[in-house]
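Take a look at the letters that make up each chain.
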There are 2 protein chains.
Amino acid sequence: MGNKEEEIIKAAESMVREGGYNSFSFRDIATAVGVKSSSVHYHFPTKADLGVAVAEYYTNKFLSSLGDPGQLINDGKDPIKIYVRAFKDALLNDKRMCLCGILGSEIDGLPSKVAAQTRIFFERNIEWLTIVYLSKGSKKYAKSKAMQTLSLLEGAMITSNVLTDINVFDKVADLLNHA
Amino acid sequence: MGNKEEEIIKAAESMVREGGYNSFSFRDIATAVGVKSSSVHYHFPTKADLGVAVAEYYTNKFLSSLGDPGQLINDGKDPIKIYVRAFKDALLNDKRMCLCGILGSEIDGLPSKVAAQTRIFFERNIEWLTIVYLSKGSKKYAKSKAMQTLSLLEGAMITSNVLTDINVFDKVADLLNHA
DNA sequence: GTCTATAATTTGATAGAC
DNA sequence: GTCTATCAAATTATAGAC
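Residues numbered from 1 in each chain as written. Chains lettered and ligands numbered in written order. Predicted model: local features only at pLDDT ≥ 70, side-chain atom pairs only at ≥ 80, totals over all residues. Heavy atoms only, no water.

Some points on the overall build of chain A
Here comes step 1: Helices and strands together make up the secondary structure of chain A, namely 10 helices and zero strands.
Here comes step 2: Relative to its length of 179 residues, chain A is compact, with a C-alpha radius of gyration of 17 Å against a globular reference of 16 Å.
Here comes step 3: Seen along its three principal axes, the alpha-carbon backbone of chain A occupies a region of about 55 × 35 × 30 Å.
Here comes step 4: With 179 residues in all, chain A has 53% of them scored as buried. (Helix = DSSP H or I, 4+ residues; strand = E, 2+ residues; numbered from the N terminus. Rg over C-alpha atoms; globule rule 2.2 N^0.38 Å. Buried < 20%, exposed > 50% of the residue type's maximum accessible area, 1.4 Å probe, protein only.)

Remarks on the protein's contact with DNA strand C
Here comes step 1: The environment of DNA strand C is formed by 17 residues, the closest being His41 and Lys47 of chain A together with Lys36, Ser39 and His43 of chain B.
Here comes step 2: Put simply, 55% of the atoms of DNA strand C that lie within 4 Å of the protein are in sugar or phosphate.
Here comes step 3: The separation between a phosphate oxygen of DNA strand C and a polar side-chain atom of Ser25 of chain A is 3.1 Å.
Here comes step 4: One nitrogen or oxygen atom from the side chain of His43 of chain B is found 2.6 Å from a phosphate oxygen belonging to DNA strand C.
Here comes step 5: Looking at the surface near DNA strand C, the elements that each hand over two or more residues are helix 2 (26-33) and helix 3 (37-43) of chain A together with helix 3 (37-43) of chain B.
Here comes step 6: It is helix 3 of chain B that contributes the most residues to the surface near DNA strand C, four residues altogether.
Here comes step 7: Grouping the amino acids of the surface near DNA strand C by side-chain chemistry returns four nonpolar, eight polar and five charged. (Near = heavy atom within 4 Å. Polar contact = N/O pair within 3.5 Å; in protein donor to acceptor, adjacent residues only side chain to side chain. Nonpolar A, V, L, I, M, F, W, Y, C, P; charged D, E, K, R; others polar.)

Re the packing of aromatic side chains
All names here are of chain A.
Here comes step 1: The final tally for this structure, using the stated rule, is 18 aromatic pairs over all chains.
Here comes step 2: Taking 6.4 Å as the distance between ring centres and 85° as the angle between the ring planes, the aromatic pair formed by Tyr21 and Phe24 counts as edge-to-face. Of the two residues examined, Tyr21 and Phe24, each falls in the buried class.
Here comes step 3: Among the aromatic residues, those joined into a cluster by ring pairs are Tyr58, Phe62, Tyr83, Phe87, Phe121, Phe122 and Trp128.
Here comes step 4: The residue whose ring lies beneath Lys47 is Tyr21, and the NZ or CZ to ring-centre distance is 4.8 Å.
Here comes step 5: It is Lys47 that lies over the ring of Phe24; its NZ or CZ is 4.4 Å from the centre. (Phe/Tyr/Trp six-rings, centres within 6.5 Å; stacked < 30°, edge-to-face > 60°. Lys NZ or Arg CZ within 6 Å of the ring centre and 35° of its normal.)

Here it is as structure tokens:
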């Protein structure tokens, strides 16, 4: 991936996470990275292409930050703690929603290929969590637990953001310690 | 509220819930209710005005559908069951996200008065749930539990919508029965 | 209250020079 | 790869007739 491509994707990530897929234009992106909008179109022909690239970039970044669940378990670490921390970091460092949480909430209005890529974020996260819960012994409900954890944290980010109180995230996430 | 105003608000509600605040235009609304866009501006001078009205309308509709929590408790009903059911109804009947879940995820990109009205939805829902959890005896954690329940259900709607599987909602909401 | 007309700006996108 | 120039369509919004 060229340097400019990554710059564009990062600018777009920030803008989607601030106000959603329809909240920014190619000109906004161009200004942010110091080129003209036609140059952005050179790298990403359509807005949907850019949307797909951003969702894919974010998904890979997020999942690789988690590490391999099997490895974490072998190392005696608590993968759920790490998972919760990853969401909180997104909220703390970037002071923003989860990219795929926003895209997910808007999914019925997205171009189909952006919607498809958004779905992949959810599927890969559920896979990751399912492996963890399987290792904890809940054979039958591992996938349900995975979906609960993901949903709770997406919701926690929204509520925390709406109430502009970072402590809300911790209070909500604490449910995972008592379930 | 005039009849046309309500028609406009309902059309806008549907469109926001499909793709967010920036996914529709005054012309879209006008076409949907059979008038010209200038007529929509007559009722709601700016888009932010319409956004506020929609968020307020949705909040009142949702909370009055729940009923009074004290009354429900007195009647020996389970308010949490009713609360979960209200979210599921929104998903089932309208086949759409929670309006304020979408607006909440986009909140940093919304006009400030729309953001403020969105915040009110969250606050009023937390108040409602806090009354319920206080009655169940958890004095210290009632508000935290309220925020957990609201967040879980908002997340459940997103995940269920993204995976286009209504059963996901039930599986996620089931966490409330084991916490 | 709704219409026609229109303004001013923004949008996603393309053609072609350098 | 980036630029200038440009396009057609869409956007929010207003003025004024009916």
